Every structure is written in C-alpha cells, then in structure tokens.
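# Fold and contact review
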Amino acid sequence: MAIDDLETYYKAVDKALLAYHSSQIKKINIIIAQLWSLTYKGGDIEKIEIQSSAGGGVTARGRNFNYRLVMFKGDQELDMKGRVSAGQRVLSSLVIRLALADVFCDNCGILTLDEPTTNLDEKNKRGLAEALCKIIEERHRQRNFQLVVITHDETFVDALSEQQSSLRDGVLRPEYYYIVSREEEQNENGEGTGRFFSKITRQDWD
C-alpha cells in the first residue's frame, strides 16, 4: 500500500510540475512577444517564442525538456537557429533574458547588461533603449529594482538619455552615469611614467 501511495504521489507531483512548466513558458512567451515588438525594428520577423517538449523521459535528476526558439512571419513558423543575423541573435538573447528575469526573479531586482548593443544597428539600438526605459517605467514601484548597463557605445548612452524624457511623471529617472577611463600616471615633471590606472568619473545626464 505504501508503494502504491508513493506511485500516486509521484504521478501527482509530476503532473503538477508539467502544468507549472507549461504556465511559466506561456508567461515567458507573452513577455518575449511584447519586448520583441518593442525592440525589433525590422519587418522580416513579427515575433519569436520558446517552444518546449518533454523529451528524453525522466532521469534521476528529474524530467528532461527540449527547447527550440522559433520565429514567425504571418502564419510561417521557422527555427531561428542558422537563419538569422548576428544582430538578431543578440537581440533575441537579450529579450529572452529579460523575460526570464521578469518571470523568475521576483525577489532579485538587479538586472545587468554587459555590452548589450554588440552587432545591433542604429534602429535596434534605439529600440533597445526604448525597451529598457519601458522596463524602468513598469518596475519603478519595485523597491529592489536596479538596472546596470555596461557599454562602450556612446550613441547608445545618448539614446538612453533621449528616451528618459518620455518617462511619465513620478518615475525615478537616473541622475548620472559613470565613465571609466584609462589614465597614465604622471611624474613630478608632468611626464608619463608608463604606469596606468583606471579613473572613474561621475557624469550628469544633463
């Protein structure tokens, strides 16, 4: 009887986990669709989504899932792998990471993007800046939310600055950013010593 009960419990838990996984994938895809339409400025991909299937059975570590990223143009559905440009890959990766953070990181509000504009053209850089400002606007009431962006792209910083003016009243706007530069140490005569150090300067947005 104990063995039969354990089998019943196992099936119930497995069914619940499958239902939870399915509901989370739906949430993720809703956010991905919203962010993609907001950030992608091309006309060849209308939306992207993650599709999953329970493949490979159940192992000692749990159930295995297979995932694929697909893109849509009208009723046409295609795998993205091997069919998109480097910029589209970067943008889709960013959108997916933002969606995952939105769904699973309720208690961790720190979002860090390192060089997010790599291989993006000007239109998509501005689209990304617009999306980040939308995220700031949506999460401004979240007490622990903090967005960290690391970039060498000054045009992207300018785009972020321009987008800030569109934030609605009551949303806390970033007041400044930091510039990290490489400086050479000077001797008493004002000559370079060949030794370098990092200098951090706080820059007002204005």
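What this report covers is the structure whose coordinates are included nearby. Worth saying up front: this structure is predicted, and the values here are computed from it rather than measured.

Rules used throughout
- Residues numbered from 1 in each chain as written.
- Predicted model: local features only at pLDDT ≥ 70, side-chain atom pairs only at ≥ 80, totals over all residues.
- Heavy atoms only, no water.
- Helix = DSSP H or I, 4+ residues; strand = E, 2+ residues; numbered from the N terminus.
- Contact = heavy atoms within 4.5 Å.
- Salt bridge = Lys/Arg side-chain N within 4 Å of Asp/Glu carboxyl O.
- Buried < 20%, exposed > 50% of the residue type's maximum accessible area, 1.4 Å probe, protein only.
- Expected span 1.5 Å × (residues − 1).

### Here we look at the environment of Tyr-177
Here Tyr-177 lies in strand E8 (residues 176-186). Once residues within four sequence positions are removed from consideration, Tyr-177 is found in contact with Val-157, Thr-201, Arg-202, Gln-203, Asp-204 and Trp-205.

### What to know about the pattern of salt bridges
Here the structure, examined in full by the defined rule, presents six salt bridges. Asp-79 is the partner of Arg-68 in a salt bridge, and the nearest nitrogen-oxygen pair spans 2.7 Å. A residue pair is termed long-range when its members are at least 10 positions apart, and Arg-68 in strand E4 (residues 66-73) and Asp-79 in strand E5 (residues 76-79) qualify at eleven residues. Classification of Arg-68 by relative accessible area gives partly exposed; the value is 36%.

### Remarks on helix H1 (residues 2-39)
With 38 residues, H1 ought to run about 56 Å at 1.5 Å a step, and its terminal C-alpha atoms sit 54 Å apart, in line with that. Buried within H1 are the following residues: Asp-14, His-21, Gln-24, Ile-25, Ile-28, Asn-29, Ile-31, Ile-32, Leu-35, Trp-36, Leu-38 and Thr-39.

### Some words on the environment of Glu-7
Tracing the backbone shows Glu-7 in helix H1. Accessibility expressed as a relative area gives 42% for Glu-7, which makes it partly exposed. Taking the C-alpha atoms as reference points, Glu-7 and Asp-44, 37 residues apart in sequence, are found 49 Å from one another.

### Side note on the side chain of Asn-124
Structurally, Asn-124 is set in helix H3 (residues 122-138). Once you skip the residues sitting within four places of it in the chain, Asn-124 turns out to touch Thr-39, Tyr-40, Lys-41 and Leu-91.

### Digging into H3
With 17 residues, H3 extends 24 Å from end C-alpha to end C-alpha; this agrees with the ideal 24 Å at 1.5 Å per step. Those residues of H3 lying buried are Asn-124, Lys-125, Gly-127, Leu-128, Ala-129, Ala-131, Leu-132, Cys-133, Ile-135, Ile-136 and Glu-137. Looking at the buried residues of H3, the elements they touch are H1, helix H2 (86-104), strand E6 (110-114), strand E7 (146-150) and helix H4 (154-164).

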